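# Coordinates in review
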Amino acid sequence: MGYSGARGGLEAILAAEDLVRRRRDHAPAPWASTGQLTARFRLAVDRVMGEAGLYDEPTAAAAFRQAEGDTLEASHLLRAKRSTLPRLAVSEPVDPDEMTILRRIVPAFRRPDGPQLLGRTSDYTGRLLEQPDGPPGEPPSEPVGEAVGEAVGEAVGEAVERTEEQRRPRRFLDLLRKLELVDEPPAHDDPEPHDITRKPARPPAARSAVLAAMARSETGALVALWYRSVLGPDGDVHEITLGELRHGRLPLRVRHPHTGNPVAVGEFRVTEAEAVEDLDGAEEDRTRFDVGYGLCFGHNERKAIAMANLDIANRRFGRSGPLEQLLLMTIDGLDSGGFLEHLKLPHYVTFRSMVERKQAMRAAAEAGGEPPARIAGPAGKDCR
């Protein structure tokens, strides 16, 4: 459906699109470069890449700019772009232990193996709005250039020299395993990862399919679903613990077309979380903990933490149930947002048929001498 069917509709659509471009391209402020966007709005760009399922910072920044800051629309643009790209190769499985750590915290343990690396975060500062030094509306410093913007992540604390042990510390989960406190899931229940970009996942689904759906989900929807899952019937919060949280770089490898050997072709940043939950069910091993896992593109700690906790909840309580259905079928931003957006399109015929049905029911009620509120509908139900 579109407005083009109405009188003057096509002209109105073209004028509306032209108005967007003119207001965007001729704004009072200068056009933000790709480097400025990736430097100034790095978390938004990372969120767009994660929700679109395509890791490419310049393209994600361009989508964010075109969408005028609407992350859901930018994800839509980026996913549409991804659908036009050829699939030249499938990357090799990567071991998260190869991650070059940029940030690592272990909330569950005071002295973990390796350091606590706070990295680049404002978690420990007050939420106070900083006022610029210059006139109102002006940035506090000179705009970041294209080349400077692309390297700003390295310049602000990420290129600090650290030892190999600091950059690749042992996991907190290794300590729990050493103490025999982890309830390990079956090792070979999901040998081949489910590709949700080629085949939609439906319940009952493999764990890899659920994790992939959460990694590509809309962040706000996933956090809201996580919060509902940890709230008890009286509003009390179930006891959950974040074992470890990491942000860093992983190598991207593909097999060489001639030699067949894995070759590193680049790096990508991810956020990884491991959540710990007490096993207290009647048929569970109460001497151990369950561990959930979350990993997503870019620096998006809210999504990774929500993923890890929902991974536990789904495996314990949600398999083939309401929670798994929600995770697989409702948290994709393009699905839910697209359905909502389509309500703004013309529904003249649909609503006209509803009006005519109401009028016919009223006429039938008046002819039979019954009050309109008591007449039965097509399914035999009372239509009050």
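Residues numbered from 1 in each chain as written. Predicted model: local features only at pLDDT ≥ 70, side-chain atom pairs only at ≥ 80, totals over all residues. Heavy atoms only, no water.

## Observations concerning the sheet that holds strand β2 (residues 240-255)
Across the sheet, 4 strands lie side by side as β1-β2-β3-β4; this open sheet has antiparallel pairing. For this open sheet the edge positions go to β1 (100-105) and β4 (289-297), each flanked by a neighbour on one side alone. Ignoring strand direction, the axes of neighbouring strands in this sheet form an average angle of 20°. Examined bridge by bridge, β1 and β2 share 5 bridges and lie antiparallel to one another. For I101, the partnering residue across the bridge sits in β2 and is G248. (Pairing = 2+ DSSP bridges. Helix = DSSP H or I, 4+ residues; strand = E, 2+ residues; numbered from the N terminus. Axes fitted to C-alpha atoms, helices over the stretch in contact; angles between N-to-C directions.)

## Remarks on the nonpolar core
With 28 residues, the main nonpolar core has M214, L222, M307 and L327 as its most contacted residues. For this core, the secondary-structure elements that each account for two or more residues are α10 (207-215), α11 (219-230), β2, β3 (262-278), α12 (301-318) and α13 (322-329). In terms of residue count, the dominant contributor to this core is α12 (7 residues). In this structure, L37, A63, F64 and L78 belong to the second largest nonpolar core, which totals 14 residues. (Core = buried A, V, L, I, M, F, W, Y, C linked by side-chain atoms within 4.5 Å. Buried < 20%, exposed > 50% of the residue type's maximum accessible area, 1.4 Å probe, protein only.)

## Remarks on the confidence of the model for the protein chain
In the predicted model, the protein chain carries a mean pLDDT of 85, and the fraction of residues at 70 or more is 83%. Put simply, helix α6 (residues 146-150) is where the protein chain has its lowest mean pLDDT, 39, and helix α3 (residues 42-52) is where it has its highest, 97. Predicted confidence is poor over residues 142-157, with pLDDT under 50, and the contacts of this stretch with residues over four places away or in other chains come to 19 contacts. With pLDDT under 50 throughout, residues 379-384 is counted as low confidence; its partners more than four residues away or in other chains account for 12 contacts. (pLDDT = per-residue confidence, 0-100. Contact = heavy atoms within 4.5 Å.)

## Quick word on the pairing of β2
Looking at chain direction, β2 and β3 are connected through 15 bridges and run antiparallel. Pairing of H247 across the sheet is with T271, part of β3. Hairpin remark: β2 followed by β3, antiparallel, with 6 residues in the connecting loop; positive phi at G260, about 80°.

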